[in-house]
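Listed below, chain by chain, are the residues.
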Amino acid sequence: MSIEELCKAVERGDQEESKQIARQLIDGGVNPLNIISSLTEVMESIGDKFSRLEIFLPEMMMSGDAMAGVVQMMAPQIKAGEAGSTKGKVILGTVKGDLHEIGKNIVKLLLESNFFEVKDIGVDSDPVKFVKEAEAMGADIIGASSLMTTTMPHQKEIIDILKDQGLRDKYKVVIGGAPTSQEWADEIGADLYCPDAGSAPKLMAELLKIKVR
Amino acid sequence: MRLRVLSAEDTHRIHRAALRILREVGMHVMDEDTRKTLLKAGCTESEPGNILFPEKLVERTISTIPYRFILFDRNGKICIDTADEEPNFGPGLNCIYVLDHRTGEHREYLLEDVREAVKVCEKLQNLDMASGLGNPVDVSPDRQALETVKALVDGTSKPFPFIAHDEREDEKIWEYLAGVAGSWNKLADKPFALDLTGPYSPLELGVEACRRLKFASRRGLPVVCYPAFLPGATGPVTLDGAIAQSSAEILAGLVVHQLECPGSPVITGSSVIPMDLQTGMIAYGSPEYVLAGMGAADYFSDLGVPTWIGAGCSDSHIPDAQAASEAGMNIFAASMCRTSFIHNLGFLSGGKTGSLEMLVLCDEIAGALKRIKRGIAVSEETIGVDVVKRAVKERSFIVDLHTLTHMREAMRASPLFKRISIENWKEEGAKSTRNKIKEILASLISS
């Protein structure tokens, strides 16, 4: 078994096989960081193919799923600060009154395959829950999705609660979902608007680098 | 002139599939009172909150839905009638951007844009229904729909659809409309507004949807019941599978609605919104969107449930060749299907952008389709063999009384697509269609 075969399995979106090969590689003494670095290249190329409309969203998601499985399996072997360690912790959910979750689930998958640690708090989530879960997780980012113009205001409520509790500077608030926009993000004082799932990992990584500085 | 895309055998197979989904998979019903009612009516609970629907209950409750669905204007005249042969048209609603026809920029939707859209809807002759087209963000969220409805009542006599922020605003809006009508009974007798609600896909009936369906049913007020179904994301990617699952979701909503008050008016329709799985974007301009709508119209017509269908919408961001082609294609197809009620005119960007320019263009296409759907009336007088006899010798058809009598209705005059010579067109400034649309808009708004 070789790293090339692992890359091909991830490209095919076969999570079981990817995990199996990765396990064999690690047991055979291959450095997990080499595996991570090759897989990162594969995911970048898959992302490029998706942007060039050469592959479909479900294909990218399945590769992401396979990648996330491998990353999760290797997590214990990777030390903090090394390539492949967590880029950031994210609380992710769909806001109160909104039961739509496809977009959120895609974002979750893409974040996980890009080395973010994600806690998914599900749909119809009260603004208070977002904040409580972020506190419990020690999150860096709160990500709130809304698919309806009627539920968008609950994204603002999360920010209001953070302000009320004096926690606003502790978390970056990221919003997304079909009816949301950069203007809406500006209006409610969100730190980031993600126009689509594909851009979320990159934009959120950039957001956290700003935080470190 | 009606076109089927699904045979009676096809719709029967889809119906069997929808009933199987309801019986074997069921719906997650989140409202406790509704669960109790459903269990009392013969449903069973497969696991906490998940309700399985027996076929008999579904068949019995949908048989009580009135097949004819009518909306009136505020003067009590029929405006939308699903039994009509001619199609009835209305704009979409709740866009988040407006394409500003003055500046050409995409920007946030404001209450002033709602008022302008209402004014234009009132004046566009082929629109039978009005809307604010977008969702005004300069109003507090709990009043956005109410303020939009007030602008509609102030600015037009045409009927309109609305989507409230939550059930509290929903009741406030109905209360306000009952006040406008004079009483709850008067509003129910001649309804001029339509509430949009329904299940969530996949297979969930939320608390609010249950309560809104039941509220409208109790009062006899018209409501649209359907989910937003994304093929491949919330159910099967195939159109027959998508129609089957979304119809199961709709049927569950209809059962809740009809159990509350059998015979109350309700409408459903094309809830299948294809998502481009190469980009993840909603594809309102796709042929599959209108095809799914036509399929749903066939299916529900065979069941005796009235529907509406979406058309007049595009995935382009400006009213360009793509927008005109997509709208021309989907308005034509929708006009041929088995419902006369067509909505969503004026959508760009897959429903994100509302455009008055697009609405004017769609109004023109709608006018042409109304003409096509009126068809060719055949009579001795109009066939005119006598005219042929008397005019052929002198080649005098052009001044014959028959020509003079019938010429005005023989061809529809188009306010937008003028037939003028190339010289006159140049003399008038060689205007593009989009520039002519802007001129029409300016005159509609200033008058």
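Calculation notes
Residues numbered from 1 in each chain as written. Chains lettered and ligands numbered in written order. Predicted model: local features only at pLDDT ≥ 70, side-chain atom pairs only at ≥ 80, totals over all residues. Heavy atoms only, no water. Domains from an automatic or database assignment. Contact = heavy atoms within 4.5 Å. Buried area = accessible area lost by both parts, 1.4 Å probe. Pairing = 2+ DSSP bridges. Helix = DSSP H or I, 4+ residues; strand = E, 2+ residues; numbered from the N terminus. Polar contact = N/O pair within 3.5 Å; in protein donor to acceptor, adjacent residues only side chain to side chain. Buried < 20%, exposed > 50% of the residue type's maximum accessible area, 1.4 Å probe, protein only. Axes fitted to C-alpha atoms, helices over the stretch in contact; angles between N-to-C directions.

**Considerations on the domain arrangement of chain B**
Residue and element names in this part refer to chain B.
Working step 1: Segmenting chain B into domains produces domain 1 (70-233 + 308-374) and domain 2 (380-446).
Working step 2: Placing the centre of domain 1 and that of domain 2 at their C-alpha centroids yields a distance of 32 Å.
Working step 3: Facing the 19 residues of domain 1 at the interface are 13 residues of domain 2.
Working step 4: Between domain 1 and domain 2 the total buried area reaches about 1500 Å² when both faces are included, carbon and sulfur atoms providing 62% of it.
Working step 5: In terms of surface lost to domain 2, no three residues of domain 1 exceed Glu357, Val360 and Glu364, which account for 36% of the buried area on that side.

**Examining the sheet that holds strand β18 (residues 347-348) of chain B**
Residue and element names in this part refer to chain B.
Working step 1: The 4 strands are arranged β8-β7-β19-β18 in an open sheet whose pairing can be described as mixed. The strands lining the two open edges of the sheet, one partner per strand, are β8 (106-108) and β18.
Working step 2: Note: strand β7 (residues 97-99) against strand β19 (residues 353-354), 2 bridges, orientation parallel. Along β19, the bridge assignment pairs valine 98 with glycine 354.

**What about the domain arrangement of chain A?**
All names here are of chain A.
Working step 1: On domain assignment, one finds that chain A holds domain 1 (3-79) and domain 2 (89-207).
Working step 2: Relative to domain 2, the C-alpha centre of domain 1 lies at a distance of 26 Å.
Working step 3: Residue-level contacts link 11 residues of domain 1 with 6 residues of domain 2.
Working step 4: Interface of domain 1 and domain 2: buried area, both sides summed, is about 770 Å²; carbon and sulfur atoms make up 86% of it.
Working step 5: When the area that domain 1 buries against domain 2 is broken down by residue, the three leading residues are Met60, Met61 and Ala68, summing to 43%.
Working step 6: Where domain 1 touches domain 2, the interface holds 0 residue pairs in polar contact (both at pLDDT 80 or more).
Working step 7: Put simply, the parts of the chain that give the side of domain 1 that touches domain 2 at least two residues each are α3 (32-51) and α4 (57-74).

**Some thoughts on the pairing of strand β3 (residues 141-145) of chain A**
Residues and elements named next belong to chain A.
Working step 1: Most of β3 is tucked away, with 5 of its 5 residues classed as buried.
Working step 2: Burial of the side chains of β3 extends over both faces: Ile141, Gly143 and Ser145 are buried on one face and Ile142 and Ala144 on the other.
Working step 3: Two strands pair when backbone bridges link them, and strand β1 (residues 88-94) and β3 are joined in this way by 5 bridges, in the parallel orientation. Bridge pairing links glycine 93 to alanine 144 in β3.

**Quick look at the sheet that holds strand β2 (residues 116-120) of chain A**
All names here are of chain A.
Working step 1: If you trace the 5 strands from one edge of the open sheet to the other, you get β2-β1-β3-β4-β5, paired in parallel fashion. Since the sheet does not close on itself, it has two edges, and those belong to β2 and β5 (192-194), each with one partner. Here the strands of the sheet are splayed against their neighbours by 25 degrees on average, with no regard to which way each runs.
Working step 2: With 5 bridges joining them, β1 and β2 adopt parallel strand pairing. Its bridge partner lying in β2, lysine 89 is registered against glutamate 117.
Working step 3: Of the strands in this sheet, β1, β2 and β3 are in contact with helix α6 (residues 127-137), which crosses β1 at around 160 degrees.
Working step 4: Its contacts with the sheet put helix α7 (residues 153-164) on β3 and β4 (172-176), and the angle it makes with β3 is roughly 150 degrees.

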